[in-house]
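If you want the building blocks of each chain, they are given just below.
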There are 2 protein chains.
Amino acid sequence: MLAAAVGSDVKTPSDAGGLFAPNAVAVVGATEREGSIGRAIVENLADFDGTVVPVNPKRESVLGYDCYPDLGAAPDVDLAVVVVPPSIAVDAVRDAGEAGVTNVVVITAGFSETGGEGAERERELAAVAEEYGLNLVGPNSLGVLSTPTGLNATFGPSNALPGNLSFMSQSGAFITAVLDWANDQGIGFKDVVSLGNKAVLDETDFMRQWRDDPDTNVVLGYLEGIEDGREFVDTARDVTQDTPAVVVKSGRTEAGAQAASSHTGTIAGSEAAYEAGFEQAGVVRAENVQELFDFARALDGLPMPDSENVAVVTNAGGPGVMATDAVGDSRLSMASFEEETLDALLDSMPEEANVYNPVDVIGDADLDRFETAIDAVLADDNVGCAVVVSAPTAIIDYEELAGVVADLQNEHGKPVVTCLMGGERTEKAADVLGEAGIPNYFDPARAVSSLDALAVQRAVEAREYEAPREFDVDRERAREILTDAADRGSTRLGVEAMDLLDAYGIPTPEGEVVDDPADARWVANDIEGDVVMKIVSPDILHKSDIGGVKVGVPDEEVADAYEDLVTRAKNYQPDATILGVQVQEMVDTDAGTETILGTNRDPQFGPLLLFGLGGIFVEILEDTSVRVAPVSEREAGEMIDELDSAPLLRGARGRDPADEDAIVESVQRLSQLVTDFPAILELDVNPLLATGDGVQALDVRLTIDPDEL
Amino acid sequence: MLAAAVGSDVKTPSDAGGLFAPNAVAVVGATEREGSIGRAIVENLADFDGTVVPVNPKRESVLGYDCYPDLGAAPDVDLAVVVVPPSIAVDAVRDAGEAGVTNVVVITAGFSETGGEGAERERELAAVAEEYGLNLVGPNSLGVLSTPTGLNATFGPSNALPGNLSFMSQSGAFITAVLDWANDQGIGFKDVVSLGNKAVLDETDFMRQWRDDPDTNVVLGYLEGIEDGREFVDTARDVTQDTPAVVVKSGRTEAGAQAASSHTGTIAGSEAAYEAGFEQAGVVRAENVQELFDFARALDGLPMPDSENVAVVTNAGGPGVMATDAVGDSRLSMASFEEETLDALLDSMPEEANVYNPVDVIGDADLDRFETAIDAVLADDNVGCAVVVSAPTAIIDYEELAGVVADLQNEHGKPVVTCLMGGERTEKAADVLGEAGIPNYFDPARAVSSLDALAVQRAVEAREYEAPREFDVDRERAREILTDAADRGSTRLGVEAMDLLDAYGIPTPEGEVVDDPADARWVANDIEGDVVMKIVSPDILHKSDIGGVKVGVPDEEVADAYEDLVTRAKNYQPDATILGVQVQEMVDTDAGTETILGTNRDPQFGPLLLFGLGGIFVEILEDTSVRVAPVSEREAGEMIDELDSAPLLRGARGRDPADEDAIVESVQRLSQLVTDFPAILELDVNPLLATGDGVQALDVRLTIDPDEL
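In this text the structure is predicted, and so the values were computed from the model without any measurement.

**Q** I'd love a proper account of the overall build of chain A, names of residues and values included.
**A** If you tally the helices and strands in chain A, you get 23 helices and 30 strands. Of all 709 residues assigned to chain A, the portion counted as buried reaches 58%. For chain A, contacts bridging at least 24 residues in sequence account for 71% of all contacts bridging at least 6. Element-wise, carbon and sulfur atoms account for 42% of the exposed surface of chain A, whose accessible area totals about 27200 Å². Each charge class in chain A can be summarised by its mean position, and for the 46 positive and 133 negative side chains these summaries are 5 Å apart.

**Q** Give a description of the relation of the copies chain A and chain B that names residues and reports values.
**A** Under the fitted operation, chain A is carried onto chain B by 0.0 Å of movement along the axis and a turn of 180°, and the coordinates agree to an RMSD of 0.1 Å. The superposition operator between the copies reduces to a two-fold rotation axis. Minimal C-alpha separation from the rotation axis in chain A is found for Leu621 of chain A, amounting to 4.8 Å. The residues that chain A uses at the interface reappear at the interface of chain B in 100% of cases, marking a shared surface.

**Q** Describe the domain arrangement of chain A, naming the residues involved and giving the relevant values.
**A** For chain A, the assigned domains are domain 1 (17-298), domain 2 (308-462), domain 3 (510-586) and domain 4 (589-708). Averaged C-alpha coordinates put domain 2 of chain A and domain 3 of chain A at centres separated by 71 Å.

**Q** Outline helix H13 (residues 367-378) of chain A, listing residues and values.
**A** All names here are of chain A. A rise of 1.5 Å per residue sets the reference length of H13, with its 12 residues, at 16 Å; its end C-alpha atoms lie 16 Å apart and thus fit the reference within 8%. Those residues of H13 that sit buried are Arg369, Phe370, Ala373, Ile374, Ala376, Val377 and Leu378. On its buried side, H13 packs onto strand S15 (309-314), helix H12 (339-348), strand S17 (359-360), strand S18 (385-390), helix H14 (398-412) and strand S19 (416-420).

**Q** Which residues make up the interface of chain A and chain B, and what are the values?
**A** Contacts between chain A and chain B engage 65 residues on the former and 65 residues on the latter. At the boundary of chain A with chain B, total buried surface from both sides reaches about 5000 Å², with 64% on carbon and sulfur atoms. Taken as a group, Asp325, Phe442 and Arg653 of chain A account for 11% of the area that chain A buries against chain B, more than any other trio of residues on that side. Here chain A is connected to chain B by four salt bridges. One salt bridge connects Asp329 of chain A with Arg252 of chain B, and the closest N-O pair in it is separated by 2.6 Å. The element best represented in the side of chain A that touches chain B is helix H11 (residues 317-329) of chain A, accounting for nine residues. Looking at side-chain class alone, the side of chain A that touches chain B contains 30 nonpolar, 20 polar and 15 charged residues.

**Q** How would you summarise the nonpolar core if you had to cite specific residues and measurements?
**A** Among the nonpolar cores identified, the biggest contains 184 residues, and Phe189 of chain A together with Phe189 of chain B are the most heavily contacted of them. In contact with Phe189 of chain A, other than residues within four places in its own chain, are Thr147, Ala160, Leu161, Pro162, Gly163, Asn164, Leu165, Phe167, Val178, Leu179, Ala182 and Phe293 of chain A. Ranked by size, the runner-up nonpolar core spans 104 residues in total, among them Leu493 and Met639 of chain A together with Ile481 and Ala646 of chain B.

**Q** With reference to specific residues and values, describe the environment of Ala272 of chain B.
**A** Secondary-structure assignment places Ala272 of chain B in helix H8 (residues 271-281). Judged by relative accessible area, which is 37%, Ala272 of chain B ranks as partly exposed.

**Q** Tell me about the pairing of strand S28 (residues 680-691) of chain A, and please be specific about residues and values.
**A** Along a regular strand, successive side chains alternate from one face of the sheet to the other. All names here are of chain A. Sheet topology note: the strand S25 (residues 593-602)/S28 ladder contains seven bridges and is antiparallel. Residue pairing for S28: Gly598 is matched across the bridge by Asp684. Of the pairings in the sheet, the one linking S28 to strand S30 (residues 700-704) comprises five bridges and is antiparallel in character. Paired with Val685 across the bridge in S30 is Val700. As paired elements, S28 and strand S29 (residues 694-697) share four bridges and run antiparallel to each other. By the bridge assignment for S29, Thr691 is matched with Gly694. Between the end of S28 and the start of S29, which pair antiparallel, lie two residues.

**Q** Account for the packing of helix H5 (residues 172-185) of chain A against helix H10 (residues 289-301) of chain A, with residues named and values stated.
**A** Residue and element names in this part refer to chain A. In contact at an axis separation of 13 Å, H5 and H10 are set at 50° when each is read in the N-to-C sense. When the axis of H5 is compared with that of H10, the two are oblique. Between H5 and H10 the crossing geometry is right-handed. Facing H5, whose interface residues are Phe174, Val178, Trp181 and Gln185, H10 presents Val289, Leu292, Phe293 and Arg297.

**Q** I'd like a description of the sheet that holds strand S12 (residues 218-223) of chain B, backed by residues and values.
**A** Residue and element names in this part refer to chain B. Here we have seven strands laid out as an open sheet, ordered S9-S8-S11-S10-S12-S13-S14, and mixed in their pairing. Two strands lie at the open edges of the sheet, namely strand S9 (151-154) and strand S14 (284-286), each paired on one side alone. Averaged over all neighbouring strand pairs, the angle between strand axes comes to 25°, with direction disregarded. Where strand S8 (residues 143-146) and S9 come together, four bridges link them in antiparallel fashion. The residue of S9 that forms the bridge with Val144 is Ala153.

**Q** Just give me the short version of the pairing of S12 of chain B, but keep the residues and values in it.
**A** Residue and element names in this part refer to chain B. With six of six residues buried, S12 lies mostly within the body of the structure. Side chains Val218, Leu220 and Tyr222 of S12 all project onto a buried face; the interleaved residues Val219, Gly221 and Leu223 project onto the opposite face, where all are buried too. As paired strands, strand S10 (residues 161-169) and S12 are joined by five bridges and run parallel to one another. Within S12, the position partnered with Met168 by the bridge is Gly221. Note that S12 and strand S13 (residues 245-249) share five bridges and pair parallel. The residue of S13 that forms the bridge with Val219 is Ala245.

Cut-offs applied
- Residues numbered from 1 in each chain as written.
- Chains lettered and ligands numbered in written order.
- Predicted model: local features only at pLDDT ≥ 70, side-chain atom pairs only at ≥ 80, totals over all residues.
- Heavy atoms only, no water.
- Helix = DSSP H or I, 4+ residues; strand = E, 2+ residues; numbered from the N terminus.
- Buried < 20%, exposed > 50% of the residue type's maximum accessible area, 1.4 Å probe, protein only.
- Contact = heavy atoms within 4.5 Å.
- Areas by Shrake-Rupley, 256 points an atom, 1.4 Å probe, with all protein chains shown as cover.
- Lys, Arg positive; Asp, Glu negative; His and termini not counted.
- Charge placed at Lys NZ, Arg CZ, Asp CG, Glu CD.
- Least-squares fit on C-alpha atoms with pLDDT ≥ 70 in both.
- Domains from an automatic or database assignment.
- Expected span 1.5 Å × (residues − 1).
- Buried area = accessible area lost by both parts, 1.4 Å probe.
- Salt bridge = Lys/Arg side-chain N within 4 Å of Asp/Glu carboxyl O.
- Nonpolar A, V, L, I, M, F, W, Y, C, P; charged D, E, K, R; others polar.
- Core = buried A, V, L, I, M, F, W, Y, C linked by side-chain atoms within 4.5 Å.
- Pairing = 2+ DSSP bridges.
- Axes fitted to C-alpha atoms, helices over the stretch in contact; angles between N-to-C directions.
- Parallel < 35°, antiparallel > 145°, perpendicular 65-115°, else oblique.
- Left-handed = near helix turned anticlockwise from the far one by under 90°.

Have a look at this one:
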């Protein structure tokens, strides 16, 4: 068997390269029947540079190619495309494995997307793939396609134009629609893969594949779900440092998630998790199909800007204002020109022109005036990128203007987008611009949003990857606390787990849980001032309601208070398990801001971290930030930055600014805790009191899964 | 002279109808010089159904038309288009007035947009227009155009296709761009007007004009500012009950507003005012050019839905999910089908199809299956509108599918939009759909957003216009309070103006401002319990800082407290004007929620009302709602509804729900106060304490302009 032509030497199930550059392709289930998928694929392979090998025991030849009864009897192939009925598809894949074919695309449908029997069949398929170490795409896939070798192993109606976008899609139909449309738009692709049910290879594998592919400039994805969120984040973070990735995640909304679930059986996971995961992975998120391709074209064709400052040059005031509004809506800023630029513009423009940004060369501008203005602003060190806007006039020929813009972009190496407005008259100009990688849109907002995508990517590339900090913690003590709880049969823990936070260095008030009155006194003695005492019982959730909390207890009353709390608890619920009483230092909550620091487990992304101000900010205003754990110091810091209520931690309205470093450290320590212990399903520190001197966890609740210990 | 052909009989400066339907058009400044505006306009009038009358003392004829030395010598005309140089433009307009021509379009530039001398010239122009009662468009206008009579009195390069959209634009260049593009897209217009500098006729006049025009289905606007916001709101509110209006307001962002200001000298006014004004006027606001025309086409071509419930029918799962996401992002909801519909679908669809919304007829669907499904969902009473989505397949012919969709929309009278995805293959289908008024987009999100625009319009049309309530108030007392302050030379008032609120029925705590210790005692005696006392002085802004506030004063200490407060104030600032001391009942602010109710004056819209929760909600979270005064009861209620923090007034987190009726009434009473007294520039009731029993204004500050009294 031939080795994969692309990718690393060691074959793993995630080495997807061979799929796109085979020397010989077998079509298992090839046929000549009109309208069949088996025929469509053989037809689509007509332009393939390598060998096409139909496999079908019932035929001698298919569409002029010699046909073989099985893969064992066929010449060496390095990609098998399986289109046989579902009942024999798993066997066909096993045959491929036996014959040493490592790259397999299963087109056949009737697997997990149909539930029941199909799901079982998919498990068998995955097992066979694992046994033989197969790079398997599908099942229920439209196929794969790669333009450099003319490989079109899909049953779609269109082939792709050559280009440098590589595209993966969880919807095969969407690929057929996109190719048909893209051909019309002159948009080309390097590789295209229909992921199907993702029994083996998934989005993360193709991310990894395209990172190493010099012919892929931009990765595009249409995804309805992600198989392993954490792995995706780790992989994509690395990819997006060099290769932009633009993804539409479908099923964003509740209605959409339901629809996606009935479409591919995808469990969507939470939208907050996807948002956090894509952000951490540096993926440029597109809200819809238009953005997906607008962003991809800009990222493919334009140089990266060296700042976010935009110059607008226009011959029409109104559209210039629209472009400026669009800049105001984006991450970009309007550039302030250097004095030289202003002087140059003042010298060369008529009196009625506006030389400040947006530069209005006014309606009677000819090509020269436009060129002078664009050249001047692109030469300005304060300008990172530019938008050229023109309304049709009798003086300006769009094709000539397009040529000038393309030359100037090339000369200055700064990205330019255009908005040469009009109908048919823009077509030739758009071609000229397109060849220079410059998108032209009627709507100034769309042109600016392309530049905005570059700004996002620029910020991603500027990030330094920072590994999560490893704090010196008492992991063994934490394990003991969790194991003790599990041994007691407790899956929900309260203040008795404060020590868990302590073991991971998250500050807690002085105090202890004790189980007799004498110990309570000892603990209280060690604490300066009066104490707070709370009954500790997994069976009593609302302690205050039953008088299970005493505030401001002086030392001499501690023993009596202990007895009283236990009596009240027993009166309330005679069979309650009582673990003891917590004796804790009094904390003045008015001295700081109550925040909430929590975690829960997402089916796709694993532990998520949540931070926000407590009370109404979380519950009513939903002002929280989320990240996938583990987080780096920068990511933990961003969790504060992105809160609307952040100013309240930063001294707004005469408050004491909170110690942000202490918050950021606690976020990271919790991140380490939940990463170390998958048994922690949910954990809320509420409140985490943030003062100018640090933080203190005043209460905690968690849920554990003993089976994960 | 001929009367205007369209519009009411009584000519007022706002009767714009004659502009679009003249019998004879004079071009004052007509010429044959190549590249001149005077020639371009005569050329553009070639297809005009009426008479074209060039006016130019230097010529006998222009492009084959007889030319006249002046309007007096010319045959009767009912529209004069002025293109002479700015120095003689005002005289030309006067000549038109003298000759009895009431409709004038001033193309000539060099007026207020150039500042200084030009601004003075524009004032003269407006004065002449007023003298002769002219309907004057411009100056600095591209012209006007109306397709039914073939009138193209613009100097733009393109004419318009006939249609039912009427379009006003503050940018002439944008009109040239739009016409060029629209011709290519097959989008037609009824009337088009380039507003220019709006010396006389403005957006409100054309709103009014098109309300009465049976051939205008949708009003479109590109505006950089509005001349008289309140008048626009009142007029547009009436128009939009029958005729949808879609507007792009440019200069939305700070950068954009600056650009607009240097472009047309427009003072943008506040974005919050525009947002409120458009909302109250029922104007559908488009964020950008794409939305402007997407919304206009949908509103022009589609029937109105009778609910906001959408059915999606697709042959492709992924794009169906995208459409569903777009519904989730919009005001629309996914429809739940009736049982009959589900039964009909189950009977007719293959097993693998999804009969729940989104209906997936799956990839092998033929025309019949699509038709059955679309018919079934449109017949469902729970369905108000539908999106038909298709990826290209070998089985479906888009043109046939388009025909079926058009027929079914017609049959059921419910709006349908389509997303027949692909490239060239969609073109003929798009034509078929276009003829039925159905837009087709590649992006499901764009298709759904068109339906969303219908939902907005539906809500606007469903509103009952409600006049602002007139409360029985003590207007004379209010006037007296304001006049007294003005007489004292005060322009900033504090608690001494609490009576102003009282005069308009906004509840205030019991109490009075007194100017001697004995009176203070009398007032305190009448008040149950201890009192709060505050020094009242226009010169002392921060009373608390100088010990100018005493809380919890018992009756017997009131006289001493009075003396003490005055002494402290005099010590602090010997020359301070001291109006006295306020003696007020103690109010427990913990018993309610502190809100803020305020007003200020916008240069375009007049008094704006603002409501929100006090403190951090206004200052940090900027969670406020704004309306243009006067407001109706519904509008006042919406001001609470749209706050993110509204749940805090509604019993969230165990609070007592506030008396919302009392808040709504106070908003309306303040609305009446600021409408009655233009002298009130700013007024803040902060806090307005909202409890379960009502509201109380605890403090007030205002600024007045004595000249407006």
